[in-house]
Amino acid sequence: MRITHHSEYLKIGSIFIKPAKNAFRSQELLNDQWSVLNYLACPNYNDALKEYATFEEFFKNDEVSLKYFPNDDDLSIDSIYCRDASIATDFGMIICNMGKAGRALEPQAQHKTFLSQGIDILGEIEFPGTLEGGDVAWLDKQTLAVGHTYRSNEEGIRQLKALLEPQGIEVIVAEMPHYKGTSNVFHLMSVLSPVDKDLAVVYSPLMPIKFRNDLINRGFELVEVPDEEFESMGCNVLALSPRKCLMVQGNPITEMRLIEAGCEVLTYRGKEISVKGGGGPTCLTRPIQRIL
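The following refers to the structure shown. Since this is a predicted model, take the numbers as computed values, not measurements.

**A closer look at the packing of aromatic side chains**
Right, so step 1: For the coordinates displayed, the defined rule picks out nine aromatic pairs.
Right, so step 2: Relative to F69, the ring of F16 lies with its centre 4.6 Å away and its plane at 20°, an arrangement referred to as stacked. Of this pair, F16 sits in strand β2 (residues 11–17) while F69 is found in the loop between β3 (65–68) and β4 (86–87), placing the two residues 53 residues apart along the sequence.
Right, so step 3: The exposure class assigned to F16 is buried, which follows from its relative accessible area of 0%.
Right, so step 4: Relative to F114, the ring of F16 lies with its centre 5.3 Å away and its plane at 80°, an arrangement referred to as edge-to-face. Of this pair, F16 sits in strand β2 while F114 sits in helix α4 (residues 106–116), and the two are 98 residues apart along the sequence. As far as the burial class goes, F16 and F114 line up, both buried.
Right, so step 5: Among the aromatic residues, those joined into a cluster by ring pairs are Y52, F55, F59 and Y268.

Spelled out as structure tokens, the structure:
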């Protein structure tokens, strides 16, 4: 079996997740943190556990090797969105430096977990650089896209390039818009989800023109998310394998457009674990290996 870390769409071989019980921990903690972390509303703890059990089952049914980030009382409830603290590469993990102050301790917590499991580390993004995994997406084995956002700054991107370009990786930068400002969760992957080598789910109104044109020039067909399904995370789609997609319930137009593009679409109820915190299935997962 050949594996790669440089894909967003090949069949997932192994993946890290952080179950709701490890991240949310109690209703009292949710009550205390949801507002300061800019959640839309306070999640219900018991309902979140039920939603997460259903979410986790998709990976078990797909014979994915599941790895777990542990409970850590020093971290906030945002740590459920475990993609953001690291980036997987064939040369080792890159440990991020979070652009959201309330999540500053997450990268080192993941670093500790990776080391305990014998996973190589390529490098770390250091202050004053910031970089979050939600701003990073592999377009192909040799090309990594990164969004310049309020969460990932120029210095963080410079350090990312310094780690990857000597390895022969092209890093292309998407200059993202202001949108709702510094406190809003707005990553590159808020508007882009590759689901096959030549198919991506996009929200074009907030995509940089140059970057969108580059996707088309690379041969991507674009599945367009309608305006009414952007806030409900219609663009946040995780590929379990090529054109086998997992997304939050409540985005029927995007779901139908994916099916018309030849995709199998699975959905989960994500009111507590996704919608309220602004993190869909890509945010809830840190894929490590995909199968070539």
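**Looking at the pattern of salt bridges**
Right, so step 1: This model, assessed by the stated rule, comprises 20 salt bridges.
Right, so step 2: A salt bridge links K244 to D62; the nearest nitrogen and oxygen atoms lie 2.7 Å apart. Of the two residues, K244 is situated in strand β14 (residues 244–248) and D62 in the loop between α3 (45–61) and β3; the sequence distance between them amounts to 182 residues.
Right, so step 3: Judged by its relative accessible area of 18%, K244 falls in the buried class.
Right, so step 4: Classification of D62 as buried rests on a relative accessible area of 10%.
Right, so step 5: Here the salt bridges share partners, and the residues they tie into one network are D140, E170, D214 and R218.

**Focus: the nonpolar core**
Right, so step 1: Of all hydrophobic cores here, the largest spans 37 residues; its most connected members are V191, L192, V195, V201, F211, L215 and L258.
Right, so step 2: Once residues lying within four places of it in the same chain are set aside, the contact partners of F211 are L139, A145, I172, A174, L188 and L192.
Right, so step 3: Core analysis: the second largest hydrophobic core is formed by 30 residues, A20, L37, L240 and L246 among them.

**So, the sheet that holds strand β15 (residues 264–268)**
Within a sheet, adjacent strands bond to each other through the backbone by hydrogen bonds, running parallel or antiparallel.
Right, so step 1: Reading across from one edge, β13-β14-β15 is the order of the three strands in this open sheet, with mixed pairing throughout. The sheet is open, and its two edges are formed by β13 (238–241) and β15, each paired on a single side. The average angle at which neighbouring strand axes cross in this sheet is 30°, direction not considered.
Right, so step 2: Examined bridge by bridge, β13 and β14 share three bridges and lie antiparallel to one another. Residue A239 lies in a different strand from β14, and its bridge partner there is C245.
Right, so step 3: Along the sheet, α3 makes contact with β13, β14 and β15, crossing β15 at roughly 150°.

The rules we used
Residues numbered from 1 in each chain as written. Predicted model: local features only at pLDDT ≥ 70, side-chain atom pairs only at ≥ 80, totals over all residues. Heavy atoms only, no water. Phe/Tyr/Trp six-rings, centres within 6.5 Å; stacked < 30°, edge-to-face > 60°. Helix = DSSP H or I, 4+ residues; strand = E, 2+ residues; numbered from the N terminus. Buried < 20%, exposed > 50% of the residue type's maximum accessible area, 1.4 Å probe, protein only. Salt bridge = Lys/Arg side-chain N within 4 Å of Asp/Glu carboxyl O. Core = buried A, V, L, I, M, F, W, Y, C linked by side-chain atoms within 4.5 Å. Contact = heavy atoms within 4.5 Å. Pairing = 2+ DSSP bridges. Axes fitted to C-alpha atoms, helices over the stretch in contact; angles between N-to-C directions.

By themselves, these figures tell us nothing about what the structure is for.
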